[in-house]
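Residues per chain, in single letters:
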Amino acid sequence: MKIDLTNTTSSKINAALMGARRAGGAGMVLTLVIVTDEGSAYDALKAANDASREHPSRILAVIKRAGRSPRARAETRLDAELLVGSDAGPGETVILRMHGELASHAQSVVLPLLLPDAPVVVWWPENAPENPAHDPLGALAQRRITDAVTAESPVAQLAQRAASYTPGDTDLAWTRITGWRSMLAAALDQRPVTITSAVVEGESYNPSVELLGLWLTARLRVPVERVVTAGPGITAVRLRAEDGDITLDRPDGLLGTLAMPGAPDRMVALKRRDTADLIAEELRRLDPDDIYAAAVRTPVDRLREPSDAEAGARSSAEPVAASVAAPARVTAKVPAASASTPDAAPKEAAAKKPAAGKATAKKAAAKKSAPRKRGSS
């Protein structure tokens, strides 16, 4: 059922929701507030409705339309669109379009529409505030979800999230690496070894790659290198140990390969998930995520990308000393040729030089000892 309310109020919206609930008898466990714009509203609502199949909830989509002209900004109006029943899945969806100055006071409209005695989650699909907990809408919530990948500078956005972190904050860039963290933790449980260093490979400007490296830095307390690849997303993680590397490789974004010393390679499911799955995972827990807090607060400059000279063949102990001594961050992409050993050619040339010298000396000695023909000049 779809109900349109034009130039309405929060009390009228609440009355319509109560009537629809009596007719449908649906029960909900939380309120999900989505702060978005017209361009992103469709995708965000679709993801939230899919997630509500696991978590029946009242979805409030706040779309601010302040207006471009002075006349439009002076017109204060609230338009609402209610979706209940089969149109909204197991929950309720309310699309709130706030015109004029009302857009600056969205919390006054949202507050009466929150489910009583139920948790509140606020999600910014794009354009998240610098400090979500201090935002008027974020202050109403127990959990606040942002997405650093939508920012113009995703890695800089992680630094902003660390500076403004408040218990209850989380980011979908962190949710995207749940599968990687689970696989790596399970691998270390099966084969307890001492990790000396780690390498995280993934596409540039992907905050999930950075967060995975920061998580490894915080948990293992070892140097972690950040290698830029063509993607998609995270492509590989290598945990270096004395008896061999533990490698989790996913070149295609679908299936990964877990390789450990002394064990056959195994295929693991590491498909890149859509937004609905990510939101559903975040709604499963409403308590503060201390592991995310420790990871995002780890300085990003603790990760380092190998330079062209450092990308050659090195022992596992050398990068540890280099990473501790010079933790500078390099933003240039590592060329594909760095996978080979750049110092192998000079060594090979040096190895061939003495052999060539011996051959020349032998020819000179043979020429000197040979009898000279008569009549020659």
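Counting restarts for each chain: residues are numbered from 1 in the order of the written sequence. With pLDDT at 70 or above as the cut-off, local features in this predicted model cover only qualifying residues; side-chain atom pairs require 80 or more to be listed or tallied, and sums for whole chains, interfaces and linings still use all residues. Water and hydrogen atoms were dropped before computing side-chain values, which therefore reflect all heavy atoms in the structure.

## Describing the environment of Val 227
Then step 1. Think of it this way: any DSSP run of H or I at least four residues long counts as a helix, any run of E at least two long counts as a strand, and we number them from the N terminus. By secondary structure assignment, the location of Val 227 is in strand S10 (residues 224-229).
Then step 2. Burial classes follow relative accessibility: with a 1.4 Å probe on protein chains only, a residue under 20% of its type's maximum area counts as buried, one over 50% as exposed, and anything between as partly exposed. Using a relative accessible area of 14% as the deciding quantity, one classes Val 227 as buried.
Then step 3. C-alpha separation for the pair Val 227 and Gly 202, spaced 25 residues apart in sequence, amounts to 6.6 Å.

## Some words on the packing of helix H2 (residues 38-51) against helix H9 (residues 275-282)
If you want to describe how two helices pack, look at the angle between their axes and the distance between the axes.
Then step 1. Note on geometry: axes are C-alpha line fits, over the in-contact stretch for helices, and angles between N-to-C directions span 0 to 180 degrees. One way to put it is that H2 packs onto H9 with a least axis distance of 8 Å and a crossing angle of 50 degrees. By the angle class used here, H2 and H9 are oblique. As for how H2 packs across H9, the hand of that crossing is right-handed. Each of Ala 47, Asp 50 and Ala 51 in H2 lies in contact with H9, whose residues at this interface are Thr 275, Ala 276, Ile 279 and Ala 280.
Then step 2. Looking at the contact of H2 with H9, its residues break down into five nonpolar, one polar and one charged. Our angle categories are set so that under 35 degrees counts as roughly parallel, over 145 as roughly antiparallel, 65 to 115 as roughly perpendicular, and the remainder as oblique. Crossings are sorted by hand: turned counterclockwise from the far helix by less than a right angle, the near helix makes the crossing left-handed, and turned clockwise it makes it right-handed. Residue contacts are defined here by distance: any two heavy atoms, one from each residue, within 4.5 Å place the two residues in contact. Under the scheme applied here, ten amino acids are nonpolar (Ala, Val, Leu, Ile, Met, Phe, Trp, Tyr, Cys and Pro), four are charged (Asp, Glu, Lys and Arg), and all others, including Gly, are polar.

## Things to note about the sheet that holds strand S3 (residues 57-65)
Then step 1. Reading across the sheet, the eight strands line up as S1-S4-S5-S3-S2-S6-S7-S8 and stay open at both edges, with mixed pairing between neighbours. Both outer strands of the open sheet, strand S1 (2-5) and strand S8 (169-171), are each paired with one neighbouring strand and no more. Neighbour-to-neighbour, the strand axes of this sheet turn through a mean angle of 15 degrees, independent of strand direction.
Then step 2. With respect to the sheet, H2 is in contact with strand S2 (30-36), S3, strand S5 (92-99) and strand S6 (120-123), its orientation differing from that of S3 by roughly 175 degrees. Here the rule is simple: two strands pair whenever DSSP picks up at least two bridges between them.

## Focus on the pairing of strand S12 (residues 246-249)
Then step 1. With four bridges joining them, strand S11 (residues 234-241) and S12 adopt antiparallel strand pairing. Residue pairing in the sheet places Leu 239 in a bridge with Ile 246 of S12.
Then step 2. Both S12 and strand S13 (residues 255-259) contribute to a ladder of three bridges, which runs antiparallel. Bridge pairing links Thr 247 to Ala 259 in S13.
Then step 3. Hairpin connection, S12 to S13: the antiparallel pair is bridged by five residues, and Gly 253 has positive phi, about 80 degrees.

## Let's talk about the side chain of Asp 289
Then step 1. For Asp 289, the location among the structural elements is in the loop between H9 and helix H10 (290-296).
Then step 2. Summary of buried charges: Asp 289 has no salt-bridge partner, and the nearest side chain of opposite charge, Arg 285, is 4.1 Å away.
Then step 3. In contact with Asp 289, other than residues within four places in its own chain, are Arg 143, Tyr 165 and Trp 174. Under this rule, positive means Lys or Arg and negative means Asp or Glu; His and the chain ends count for nothing. Just to be clear on terms, a salt bridge is a Lys or Arg side-chain nitrogen sitting within 4 Å of an Asp or Glu carboxyl oxygen.

## A closer look at the packing of helix H7 (residues 178-190) against helix H8 (residues 207-220)
Then step 1. Between H7 and H8, whose axes approach to 11 Å, the crossing angle comes to 35 degrees. Judged by the twist between their axes, the crossing of H7 over H8 is right-handed. When H7 is examined against H8, the residues Trp 180, Arg 181, Leu 184 and Leu 188 are found in contact with a partner set consisting of Leu 212, Trp 215, Leu 216 and Leu 220.
Then step 2. A breakdown of the residues in the contact of H7 with H8 according to their chemical character gives seven nonpolar, no polar and one charged.

From the geometry alone we can't say anything about function, so treat these as descriptive.
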